[in-house]
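Here are the chains, one letter per residue:
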Amino acid sequence: MTSPAIAISDNTSSDPRQRAPLITCAPDCALITETVCRVVEREKTPLAWYAAFAVSSSFTVVMFLAIGYLFLRGVGVWGNNIPVAWAWDIVNFVFWVGIGHAGTLISAILFLFRQNWRTSINRFAEAMTIFAVMCAGIFPAVHIGRVWVVYWLAPYPNQMQMWPNFRSPLLWDVFAVSTYATVSLLFWYLGMIPDLATLRDRAASRWRKLAYGLFALGWRGSARQWHRYERAYLLLAALATPLVLSVHSVVSFDFAVSQVPGWHTTIFPPYFVAGAIFSGFAMVVTLMVPARAFFGLKELVTIRHLDNMNKVILATSCIVGYAYATEFFIAWYSGSQYELFAFLNRARGPYYWAYWTMVVCNVVVPQVLWLKKCRTTPWIMVIVAILVNVGMWFERFVIIVTSLSRDFLPSSWGHYAPTRIDVAMLLGSFGLFFTLFLLFCRYLPMVAMAEVKAAVSHHPGSDHRH
Amino acid sequence: MADNVPQLDSSAGALKVAAAIGRFASAGALKAAAEAVRDEGYRHWDAHSPYPIHGIERSMGIRPTVLPWLVFGAGLTGAAVAILLQWWTNAVDYPFLISGKPLFSLPANIPVAFELVILFSALAAFAGALLLSRLPQFHHPVFASEEFRRATCDGFFISIEASDPEFDEVKTTGLLEALGAESVELCRLPAAAPRLPRAFYTAAALAVCLALLPPLGVAWYRAAPKRQPRIHPLHDMAFQPKYKAQAASDLFADGRAMRPPVAGTVARGELDEDPRRATGKDEAGNYVTSIPLAPGAAIDKAMILRGKDRFRIYCAPCHGLAGGMPEGAAGEDAEKWQGMVSIRAARRAAGGEGTWTPPRVLTSAYVQDQPDGKLFETISRGVVNQEVRTMPGYAVQIPREDRWAIVLYLRALGRSQNASAGEVPPPVREASVSEEP
């Protein structure tokens, strides 16, 4: 059967008779290598990169100054106080951990589902995951007060003869997040070894050869190596899939296992995971659209990739919206006056603006993605994705601050307002994130070349082989 | 070609053929060639491609890797470690009851167990994949070839190493050519493995030694005895703007930061209907002459024995087990009658170290003639003699009832030391007489 040829520059067709091409350039190994490597091998760093780096690294400096000040003065420099003992520190933590979910999801879950389109974006998303988890890890580490004894979180034999309490979700969180960070890093690095070898073999200068060669570990792309490598990759994907679902579930236990009205709900684990995927994909889109244009990767990261990601955003937006509605229903149905109050207070209390920002950004705005036009127009999707991330930040703010500021006992109610240090740390964490990201774009292969090559050579163009 | 040969050490000498490589046009050609090479009986050989080629394992005869089993084992280990860790730390070594939760319960332990299963398995998968593939391995014959660089871009290669028993320069290159290789090349390496210059090792050893200095310095500083307080980099909450117990303060006339309770304050549980039992004095302020008993209590043997027991703990170290050397024992070794503290203090005072007021002999008329209330007060508040505290007060250590019991025992001691022969019960008298030499 011959099918009508589609224009190679538009691979967004959903004609089921025709397999849309994965990439819009020729499925040629040398071309793919060249496209990805030339970004890294460019002789002169573009001025725009320097400009972006200057901005982001100065924000990073602000972050570390703020942290230094925090160490000197104590957590009192933040706006947190009883009853709102958790505030922006934990909001930012949950926000960043959530962002960090897309990477592993794309690399692991889509890998298990044999979604070959993931190959163009997985490296990028995994890098984003790791940087987001780094940003996330900072907040709980510095919020403990005496930072220099942070190692007390770990179970190690000590002269105090004490052990951490393993029945506390906060300790589960330590294990979940550190396991997640480790496994994501391994997954990312393992996936990158063949590409680092490519960069090593193309290296023109001695230093490049040494640096990439060191991290490529002597990879020769031999069949015996590939055999074990693919096995390991599959196993890591199979391990990372339940892991990624567990991490945000465990993060949600921090809240759900407590008694606070608005926190003590069984819907939290799935609702948090959906929200995490939602925000993570939004962040990937936010970064991917400018990066693919700027670094000339439009043929590898095609509009169809963005289209697919926007569909995931739309789906998770609906799940999140459904979860918001369910929370209200259960609050009413529970017959518990505290639960009911907690939710009415979210919508109508002193933080109503945060609540409605969240609803508009997370539930209303993404509905435009039902239109194909919006899913395939870069500037529209970037705006939607940025708003989604704003909304997801506010979601965590709403959950944490509204519940704590007004719980069971009206006499202990309070109001929370952030300080300048809080703001500096949030902005600074974005600075750190973008700094790491810019370094990644400049020095590491942004697209998993070997995987794209494998994907296109097993399914070249629109050729049906099954 | 010569310029890609590693030239770390120019004295390595002649080059030796280490492998033959052939480049093929496509993945399909590579697979077909691999089958042929396998059938020729080569063992030290490999196929190289920029991406994994499906099914090439079978063409080459590579046996499935044991990696999955390693990962499975690591996962089980992770589960066991997690469960044992949580059980031992929280239920055995440091049982700590929180909100009535059981010390060991699987549901609470599942999250950490799950995470450790994943962590252990992932580490095993990663390390296993590398180590089973003998990575990292920075030195390999194929790296001598300039063209081999294409293996990570778009080239498909077969490499046969010279260590293979079947290897023969002519035959092997001939085979690769016959299989349709687009180009065939012999990779040559220096006969001796390249060695790093000796200066590198010297520098490395030096660096390690220098790196050890700071930790050694810290360890030494921590261990060595110091006159001054040690550096205290992290204050934690050790230094706070507040007064600690017994600190001085300019604010109050007596210069003390601790404030005494307002006169007439009664501490919780010390309000007593009979103030004589608390102070040893009656309403008029005179010492009581008999022991004021609590309602229902009686002077009995149990009370004397209690007093004896407390006396031996609190008083005997200074006053001696019998309350001091009675006058009748003059001429005997005085130390025999004294408590350990007295003996030592007296010896040191004799040697010019410190001062020591010898304790009063409790069986003496001086003490025994005092009213019971006065003895009770001495025990409670101690003795201050010419502005020097010669005996500490025991109100804090010894509960009130016990202090009265000690008073009773002091009386018993007094009787025993000052008894006339007629007062001693006949059996005891006979026994003690017969014992005396």
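Reading the values: rules and limits
Residues numbered from 1 in each chain as written. Chains lettered and ligands numbered in written order. Predicted model: local features only at pLDDT ≥ 70, side-chain atom pairs only at ≥ 80, totals over all residues. Heavy atoms only, no water. Domains from an automatic or database assignment. Contact = heavy atoms within 4.5 Å. Buried area = accessible area lost by both parts, 1.4 Å probe. Salt bridge = Lys/Arg side-chain N within 4 Å of Asp/Glu carboxyl O. Polar contact = N/O pair within 3.5 Å; in protein donor to acceptor, adjacent residues only side chain to side chain. Helix = DSSP H or I, 4+ residues; strand = E, 2+ residues; numbered from the N terminus. Nonpolar A, V, L, I, M, F, W, Y, C, P; charged D, E, K, R; others polar. Core = buried A, V, L, I, M, F, W, Y, C linked by side-chain atoms within 4.5 Å. Buried < 20%, exposed > 50% of the residue type's maximum accessible area, 1.4 Å probe, protein only. Axes fitted to C-alpha atoms, helices over the stretch in contact; angles between N-to-C directions. Left-handed = near helix turned anticlockwise from the far one by under 90°. pLDDT = per-residue confidence, 0-100.

Chemist: Looking at this structure, how should I read the domain arrangement of chain B?
Modeler: Bring the parts together and some accessible area is lost; that lost area is often taken as the interface size. When the domains of chain B are assigned, the result is domain 1 (12-65 + 135-190), domain 2 (73-131) and domain 3 (277-434). When each unit is reduced to the centre of its C-alpha atoms, the spacing between domain 2 of chain B and domain 3 of chain B is 62 Å.

Chemist: Mind showing me how you'd approach the interface of chain B and chain A here?
Modeler: At the junction of the two partners, chain B supplies 64 residues and chain A supplies 58 residues. Interface area for chain B against chain A, summed over the two sides, is near 5800 Å², with a carbon-plus-sulfur share of 67%. For the interface between chain B and chain A, the tally reads one salt bridge. Where R224 of chain A meets D46 of chain B, a salt bridge forms, and the shortest distance between an N and an O atom there is 3.4 Å. Linking chain B to chain A there are 26 residue pairs in polar contact (both at pLDDT 80 or more). For the side of chain B that touches chain A, the leading source of residues is helix α4 (residues 106-132) of chain B, giving 17 residues. A breakdown of the residues in the side of chain B that touches chain A according to their chemical character gives 41 nonpolar, 13 polar and 10 charged.

Chemist: I tried to follow the nonpolar core on my own but got confused; where do I start?
Modeler: Soluble globular proteins: nonpolar side chains tend toward being buried together. W96, F397 and F440 of chain A are the most contacted members of the largest nonpolar core, which totals 163 residues. Every residue in contact with W96 of chain A, bar those within four places of it in the chain, is listed here: A132, C135, A136, F139, M283, S429, F430 and F433 of chain A.

Chemist: What exactly am I supposed to notice about the pattern of salt bridges here?
Modeler: If charged atoms from side chains of opposite charge come close, those side chains can pair. All chains considered together, the criterion is met by 26 salt bridges over all chains. Here E401 of chain B makes a salt bridge to R277 of chain B, at a shortest N to O gap of 3.0 Å. Residue E401 of chain B is found in helix α13 (residues 400-417), and its partner R277 of chain B is found in helix α7 (residues 275-279); the two are separated by 124 residues along the sequence. Overall, R277 of chain B belongs to the buried group, its relative accessible area being 8%. Several salt bridges converge on common partners, so that one network encompasses E34, E41 and R202 of chain A.

Chemist: Explain the packing of helix α10 (residues 303-334) of chain A against helix α11 (residues 337-348) of chain A to me, please; I cannot follow it from the model alone.
Modeler: Any two packed helices are characterised by how steeply their axes cross, that is the angle between the axes, and by the distance between the axes. All names here are of chain A. For the pair α10 and α11, interaxial distance at closest approach is 7 Å and the crossing angle is 145°. Once α10 is placed against α11, the crossing between them reads as left-handed. Taken together, the residues of α11 that come into contact with α10 (itself represented by E327, F328, A331, W332 and S334) are E339, L340, F343, L344, R346 and A347. In terms of residue class, the contact of α10 with α11 is built from seven nonpolar, one polar and three charged.

Chemist: Just checking my understanding: could you explain the confidence of the model for chain A for this structure?
Modeler: Low-pLDDT portions of the prediction should not be read for the details of their coordinates. All names here are of chain A. Of the residues in chain A, 96% reach a pLDDT of 70 or more, and the chain-wide mean stands at 89. Taking the mean pLDDT of every element in chain A, the minimum, 83, falls on helix α4 (residues 101-112) and the maximum, 96, on helix α12 (residues 352-364). Scored below 50 in pLDDT, residues 1-7 makes eight contacts in the model with residues more than four places away or belonging to other chains. Every residue in residues 460-466 scores below 50 in pLDDT, and together they form 11 contacts with partners more than four places removed in sequence or on other chains.

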